[in-house]
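# What the coordinates show
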2 protein chains.
Amino acid sequence: MTAALHSAEQAPVGRARHGGRAGKRAGGASAFEQAPFRQLKIPFAPTRLVSDDELESIHVASLRVLRDIGVDVLHEGARKIMKEHGAAVREGVERVHFDSDMILELIAHAPSEFTVHARNPAHNVRFGGNNVTIAMMASAPNCSDIDSGRRPGNQADYRNFLRLAQMHNIIHCMGGYPVEPIDIHPSVRHLECIRDLATLTDKAFHIYSLGKERNVDGIEIARIARGISREQMLDEPSVFTIINTNSPLKLDVPMMEGIIQMSSAGQVVVVTPFTLSGAMAPVTIAGALVQQNAEALAGIAFSQMVRKGAPVAYGGFTSNVDMKSGAPAFGTPEYMKAQLIGGQLARRYNVPYRTSNTCAANTVDAQAAYESVFSLWGAIQGGGNMMMHAAGWLEGGLRCSYEKTILDIDMLQMVAEFLTPLDLSDDALGFEAIRDVGPGGHFFGTQHTQNRYKTAFYSPIVSDWRNFETWAEAGSPTAVEKANRVWKERLATYEKPHMDPAIAEELDAFVEKRRLEGGAPTDF
Amino acid sequence: MTAALHSAEQAPVGRARHGGRAGKRAGGASAFEQAPFRQLKIPFAPTRLVSDDELESIHVASLRVLRDIGVDVLHEGARKIMKEHGAAVREGVERVHFDSDMILELIAHAPSEFTVHARNPAHNVRFGGNNVTIAMMASAPNCSDIDSGRRPGNQADYRNFLRLAQMHNIIHCMGGYPVEPIDIHPSVRHLECIRDLATLTDKAFHIYSLGKERNVDGIEIARIARGISREQMLDEPSVFTIINTNSPLKLDVPMMEGIIQMSSAGQVVVVTPFTLSGAMAPVTIAGALVQQNAEALAGIAFSQMVRKGAPVAYGGFTSNVDMKSGAPAFGTPEYMKAQLIGGQLARRYNVPYRTSNTCAANTVDAQAAYESVFSLWGAIQGGGNMMMHAAGWLEGGLRCSYEKTILDIDMLQMVAEFLTPLDLSDDALGFEAIRDVGPGGHFFGTQHTQNRYKTAFYSPIVSDWRNFETWAEAGSPTAVEKANRVWKERLATYEKPHMDPAIAEELDAFVEKRRLEGGAPTDF
């Protein structure tokens, strides 16, 4: 390498923290090097793992499940709505059967693509089409870092994960609570947590469907944070909720209530059957997909009964279990297949497709990485539009890890770079550069290289590309140790995004009022 | 998990070593659980990263490079052959220019698909079409395991890697010497090494093009091992060689001699330009691909000048360098893009496409895994037909690792499972199973599950799916520790594949004769 190139190296990340000018945020620039916030798009056709005929066989079987087996719907009001729309509902009986034409007619009303609005409009995201929107990990009961180990979720860690997600442009939205802060009473937890989502981040976020009050409060906090009217909220989805069916074929009260509240308010519902093949779904991936599809169609159709045109997405979460222990497995070949075919199904119904970045590893080792990249492979080649749990996920979702968060951010940034269209201009094709260098020469010092070398290639966060000797002299650090250093450095540079003081005051007043009212029931 | 399923767990790998019947090889079965040797096929269309027009711009620019810039050909005899076929060659001048029509006319003679024959016909492999053939890592100067650390290549480790490659059905062929045994004198190293390839394994193998004698000896050893005539060898490719051009645009004496010897003998040539973007190729991936394509076309066309119809493959190895240090990087987003477009180019010319499974990591950590899986992603979605360096690669190719070998074997087996077509029979679609279980039930105990659970899902070698508490009690093992245990267990069960004693004798006699003649010159 020439000395010229060497000396032009980017300022190290740490410099920002020692009072240098680079540490000051100018116009929203971050204290470390990263690509700007941008909507990712998949530039190629998703991979079709099965033929159209094979896909149709899954589709047909799932319609047969809805018609002949039916679904248990525990919410009486939901059954009433279903009956009004032609489903076979009998008084006092939970089991509901759905006519195939009715299902297909309803899902045809679901929009193929829509914008989810953040309080910072620069952070609005698009669901559907060839867009990829990336969400932070959600719902872990535990968290960890390699300094302090594994611990139950709590507010301090919860807030730190929000800060990390806010700082990194590759995280487009918040998928829920990265870790469940169990040190906040459940009756008011959603108020505190959603206020944090709306203030520590300025990105779009998820709210949990755990009873009507929590949905209503969440939508209201998002509305206040955006400073808009209820009418505008109805036309501009600003929050989303994941509806995990109780597989097999059961839709419980909170999830039906969630669809009613969210769809009627024009907010986003992501119907995601939790179909683990061999446990809550057939041991065959084809069968698990039949069941996933039946449950997803039931939920999507219901959202359209509540409000035609309500934004909704098709969630795929089919994986297999370890047949020796019953433990869920992730990032497996079976999981990849399910992701690809899930995408084919979602596109058949012309609705956005939700995927995940998951693993079953207990530590940030090679297993955590390969299971995650296999997940990403399936998600991206499957044409996934919205990726949940994209950063931080460990232990099959039981833990959000600080180091895994950084590792995932790096891997996601690599995926984003992979998806960035290649420059194929004449200048990029480089005939002149090849001619100037000629046979036997080298390209380090050429003008063509000098003009581009700073931004030519993705510069990884975690990867250690030093030669063995230099790396060994530095103490043979592994990827997880590098990630540990990085999250602490980056978190130290966090700055709370701007919020109009009047809005902050209104938000606090609302939360205070709802706290005094007792928050939400905790009998769920 | 039910006790019934639990007790039916597969016999642990280790049992074979304690004298149990499972340890005996019956009909070629191995001492551990693995899928049978089988030709992998990609069941979906490869990903087209660039449009046909964009691909054409690379194609056109590369033909312009060959015509207007030319290539330095250091081998006088090769220049003579090129001149006879219409290339612009001037007496005493190394630079050769190629007419575009001539290049295209020549490469049209290259076969799109062919079989490479192993001495065990059950291990024959197919190059081209939608086939994927997987080769062990090759050419590392160093090797390592976590017990004894990093060390220069030597015969004992060399043989161990051959044994591991032979034992694992996912490794279809031998890509060369997994590690260079520098304790054998270079003049006879090829004789010892190729005899080991032909006796410790019964799979097809690579021979190095490092002077005429080594090519001739390698072909002869393969012929003796197969027990066939020279005429039959001409029609049945049994060895392959990698020709790495001296990028940019230089073809040296041993590589030209290699093509002459191999193509004239009907053996396989894999032309693989070593085009590191920013070093030996333009800093733009588009430019590096233009150069890769020009060099590959020159080599492929030359093979067809030597013998029309000679089996040849298009090798893609374009990656980027770390612009801070000049070190090569692997498994990067740029590498993935180059792999996909390399595949589009190879398919444009209707020749088999060679890829690799690479990383730059210094240890078997998360980085080693994510860089490798990103490589696999690019290789498979790029429609790669033949994957070099598939198991063992660390440190940008400077080291073959025992633990990485096991990790890669596990990941490759996952890829193989991913590529296995999904069962979409009525029985697999599982309507009856879903009906029998019904809403709110579970599938663990159903007959549908009982009939399938043993083989329903890929059972990983390395992945640890125990819950956190059990895993922590077991000492919190990481993936590399598991891999360390596995390679030792497996190597202990190695059995040399059968060889007819008369053939073994003929082989030894040939090697002895060539040793006495002094082997091959060492002035390369």
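The residue numbering used here restarts from 1 in each chain and proceeds along that chain's sequence as written. Going through the entries in the order they are written, you letter the chains from A and number the ligands from 1. In keeping with the model being predicted, local features are shown solely for residues with a pLDDT of at least 70 and side-chain atom pairs are shown and tallied solely at 80 or more, while totals for entire chains, interfaces and linings include all residues. Water and hydrogen atoms were dropped before computing side-chain values, which therefore reflect all heavy atoms in the structure.

### Comments concerning the overall build of chain A
In plain terms, the rule: Note on conventions: DSSP H or I runs of at least 4 residues are helices, E runs of at least 2 residues are strands, and numbering of each starts at the N terminus. The globule rule is 2.2 Å times the number of residues to the power 0.38, and the radius of gyration it is compared with is taken over C-alpha atoms. The cut-offs for exposure are 20% and 50% of the maximum accessible area for each residue type, with area from a 1.4 Å probe on protein chains only; residues under the lower value are buried, those over the upper are exposed, and the others partly exposed. Here a residue-residue contact requires only that any non-hydrogen atoms of the pair lie within 4.5 Å. Throughout, the Shrake-Rupley method with a 1.4 Å probe supplies accessible areas, and for residues the shown protein chains are the sole cover considered. Asp and Glu are treated as the negative residues and Lys and Arg as the positive ones, with His and the ends of the chain left uncounted. To locate a charge, take atom NZ for lysine, CZ for arginine, CG for aspartate or CD for glutamate.
Within chain A, the secondary structure is distributed over 19 helices and 20 strands. Relative to a compact globule of 524 residues, whose C-alpha radius of gyration would be 24 Å, chain A shows 24 Å and is just as compact. In terms of overall dimensions, chain A has a C-alpha envelope of 80 × 55 × 45 Å along the principal axes. By the burial criterion, 65% of the 524 residues in chain A qualify as buried. Long-range contacts, defined as pairs at least 24 residues apart, comprise 74% of the intrachain contacts of chain A with a sequence gap of at least 6. Surface exposure of chain A reaches about 17800 Å², of which carbon and sulfur atoms provide 50%. If you average the places of the 51 positive and of the 60 negative side-chain charges in chain A, the two averages end up 2 Å apart.

### Some thoughts on the nonpolar core
The nonpolar side chains of a soluble globular protein tend to be buried, and buried together. The test is simple: Take the buried residues of types Ala, Val, Leu, Ile, Met, Phe, Trp, Tyr and Cys, join any two whose side-chain atoms come within 4.5 Å, and each joined set is a nonpolar core.
Judged by nonpolar contacts, the single largest core of 358 residues is most densely connected at Met82(A), Phe98(A), Trp377(A), Met82(B), Phe98(B) and Trp377(B). In this view, Phe98(A) contacts Leu66(A), Arg67(A), Val71(A), Met82(A), Ala87(A), Ile103(A) and Met305(A); residues no more than four positions away in its chain are not counted.

### A few points about the packing of aromatic side chains
This is how the line gets drawn: Working definition: rings of Phe, Tyr and Trp (its six-membered ring) pair if their centres are within 6.5 Å, and the pair is stacked with planes under 30 degrees apart, edge-to-face with planes over 60 apart, and tilted otherwise. Here, a charge over a ring means that NZ of Lys or CZ of Arg falls within 6 Å of the ring centre while also lying within 35 degrees of the ring normal.
Inspection of the entire model under this criterion finds 35 aromatic pairs over all chains. The interplanar angle of 40 degrees and the centroid separation of 5.3 Å between the aromatic rings of Phe274(A) and Phe317(A) together place this pair among those described as tilted. In this pair, Phe274(A) is assigned in the loop between strand S13 (268–271) and strand S14 (276–277) and Phe317(A) in the loop between strand S15 (312–315) and strand S16 (319–320), connecting sequence segments 43 residues apart. Note on Phe274(A): relative accessible area 29%, which makes it partly exposed. In this structure Phe317(A) comes out as buried when scored by relative accessible area, which is 6%. Counting every residue linked through ring pairs, the aromatic cluster contains Phe44(A), Phe374(A), Trp377(A), Phe418(A), Phe44(B), Phe374(B), Trp377(B) and Phe418(B). Against the face of Phe32(A) rests Arg490(A), its NZ or CZ located 3.9 Å from the ring centre.

### Comments concerning helix H19 (residues 501–516) of chain B
Residues and elements named next belong to chain B. Selection rule: By this rule the span expected of a helix is its residue count minus one, scaled by 1.5 Å. Working note: the arc is built from the helix axis to C-beta atom directions. Here a polar contact is taken to be a pair of N or O atoms separated by no more than 3.5 Å, where protein atoms must pair a possible hydrogen donor with a possible acceptor and residues adjacent in sequence count only if both atoms sit in side chains.
With 16 residues, H19 extends 22 Å from end C-alpha to end C-alpha; this agrees with the ideal 22 Å at 1.5 Å per step. Those residues of H19 not exposed but buried are Ile503, Leu507, Phe510, Val511 and Arg514. Seen end-on, H19 carries its buried residues on one side only, within an arc spanning 95 degrees. Facing away from the buried surface of H19 by more than 90 degrees, the exposed residues are Pro501, Ala502, Glu505 and Leu516. Residues of H19 that are buried sit in contact with helix H6 (186–200) and helix H7 (212–226). Where H19 begins, the capping side chain belongs to Asp500, and its oxygen is found 2.8 Å from the backbone nitrogen of Ala502.

### Remarks on the pairing of strand S13 (residues 268–271) of chain B
Residues and elements named next belong to chain B. The condition that has to hold: Any two strands are treated as partners once DSSP identifies two or more bridges connecting them.
Residue alternation in S13 divides its side chains into two sets, Val268 and Val270 and Val269 and Val271, and both sets are buried. Pairing between strand S11 (residues 239–243) and S13: 4 bridges, direction parallel. If you follow Phe240 over to S13, its bridge partner there is Val268. In this sheet, strand S15 (residues 312–315) lies alongside S13 in parallel orientation, the contact comprising 3 bridges. Counted as the bridge partner of Val269 is Val312 from S15.

### Quick word on the state of the cysteines
Residues and elements named next belong to chain A. As a reminder, the rule being used: A pair of sulfur atoms, both from cysteines and within 2.5 Å, is called a disulfide here.
Going through the model one piece at a time under the given rule, you end up with 0 disulfides over all chains. With no disulfide of its own, Cys173 has Cys400 as its nearest cysteine by sulfur position, at a separation of 15 Å. Between Cys400, a cysteine without a disulfide, and Cys143, which holds the nearest cysteine sulfur, the sulfur-to-sulfur distance is 7.4 Å.

### Looking at the relation of the copies chain A and chain B
So the rule is basically this: Least squares is the method for superposing the copies, and the C-alpha atoms it fits come from residues with pLDDT of at least 70 in both.
When chain A is fitted onto chain B, the two copies agree to an RMSD of 0.0 Å after a turn of 180 degrees and an axial shift of 0.0 Å. Both copies are brought into coincidence by an operation consistent with a two-fold rotation axis. Across chain A, the smallest distance between a C-alpha and the rotation axis is recorded for Ala366(A), namely 2.0 Å.

### Structural notes on the sheet that holds strand S11 (residues 239–243) of chain A
Note on sheets: strands pair through backbone hydrogen bonds, and any given pair is parallel or antiparallel. Taking strand neighbours across the sheet as the criterion, the 9 strands line up as S1-S6-S18-S17-S15-S13-S11-S10-S9 (chain A) in an open arrangement whose pairing is mixed. The open sheet has two edge strands, strand S1 (40–41) and strand S9 (173–174) of chain A, and neither has a second partner.

### Focus on the environment of Ala138(A)
Residue and element names in this part refer to chain A. Topologically, Ala138 is positioned in the loop between strand S6 (131–134) and strand S7 (142–145). On the accessibility criterion, Ala138 (3% relative accessible area) is buried. Each C-alpha atom, one on Ala138 and one on Thr318, is 17 Å from the other, the two residues being 180 residues apart in sequence. In this view, Ala138 contacts Gly175, Gly176, Tyr177, Pro178, Tyr208, Met388 and His389; residues no more than four positions away in its chain are not counted.

### Focus on H6(B)
An ideal rise of 1.5 Å per residue puts 21 Å on 15 residues; H6(B) measures up with 20 Å between its terminal C-alpha atoms. Extensive coverage of H6(B) is indicated by the burial of 14 of its 15 residues.

### Looking at the side chain of Asp196(B)
Residue and element names in this part refer to chain B. Assignment of secondary structure puts Asp196 in helix H6. Residue class for Asp196 comes out buried when judged on its relative accessible area of 5%. Not counting residues within four places of it along the chain, the set of residues in contact with Asp196 comprises Gln155, Tyr158, Arg159, Leu162 and Thr201.

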